[in-house]
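Listed below are the residues making up each chain.
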Amino acid sequence: MKFSTLAISALFITFAGQATASCDKYSCEGVSNVVFSSVVANTTQVKVKFPQGTNATLACNLDQEEAAALNKTSENYRNMQSMLLTAVAANLPVKLTFNQASANCQIDEVEVKVVE
């Protein structure tokens, strides 16, 4: 009896601190290190890579690397980049919103949640 109570308590403690990501049609949100796996910048774009399987929950299509690019034509492109880096550095909750008019997932909005 003691063992089962201890095991159940340990299970609750283990899962209580775990953050989850939620992706639904045109957005993904949760703690940055759970929502996306990496941010990649090259000479042409900044891309956010997502964990495998994320594409199945979205109404748009991630590229072959399971990634979506920031909208580089946005006037706030540099701000979105900075916000992503801030979210990663501070492990903050983030919400990424994709362009609903495009078949390919393109990030049009980055929201960093300072207070949850």
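That block above? That's the structure.
To start, this report covers the structure provided alongside it. (Residues numbered from 1 in each chain as written. Predicted model: local features only at pLDDT ≥ 70, side-chain atom pairs only at ≥ 80, totals over all residues. Heavy atoms only, no water.)

### Some points on the side chain of Lys47
Then, number 1: Mapped onto the elements, Lys47 comes out in strand E4 (residues 46-49).
Then, number 2: Judged by its relative accessible area of 8%, Lys47 is buried.
Then, number 3: For Lys47, the side chain forms a polar contact with the side chain of Asp63, separated by 2.9 Å.
Then, number 4: A polar atom in the side chain of Lys47 sits 2.3 Å from the side chain of Glu65.
Then, number 5: Sequence-distant contacts of Lys47, that is, excluding residues within four places in its chain, are made with Ser38, Val39, Val40, Asp63, Glu65, Ala67, Ala68 and Ala69. (Helix = DSSP H or I, 4+ residues; strand = E, 2+ residues; numbered from the N terminus. Buried < 20%, exposed > 50% of the residue type's maximum accessible area, 1.4 Å probe, protein only. Polar contact = N/O pair within 3.5 Å; in protein donor to acceptor, adjacent residues only side chain to side chain. Contact = heavy atoms within 4.5 Å.)

### Regarding the side chain of Ser32
Then, number 1: Position of Ser32 among the secondary structure elements: in helix H2 (residues 32-35).
Then, number 2: Polar contacts involving the side chain of Ser32 include one to the main-chain carbonyl oxygen of Ala87, which spans 2.9 Å.
Then, number 3: If sequence neighbours within four positions are ignored, Ser32 has contacts with Ala87, Val88, Asn91, Leu92 and Val94.

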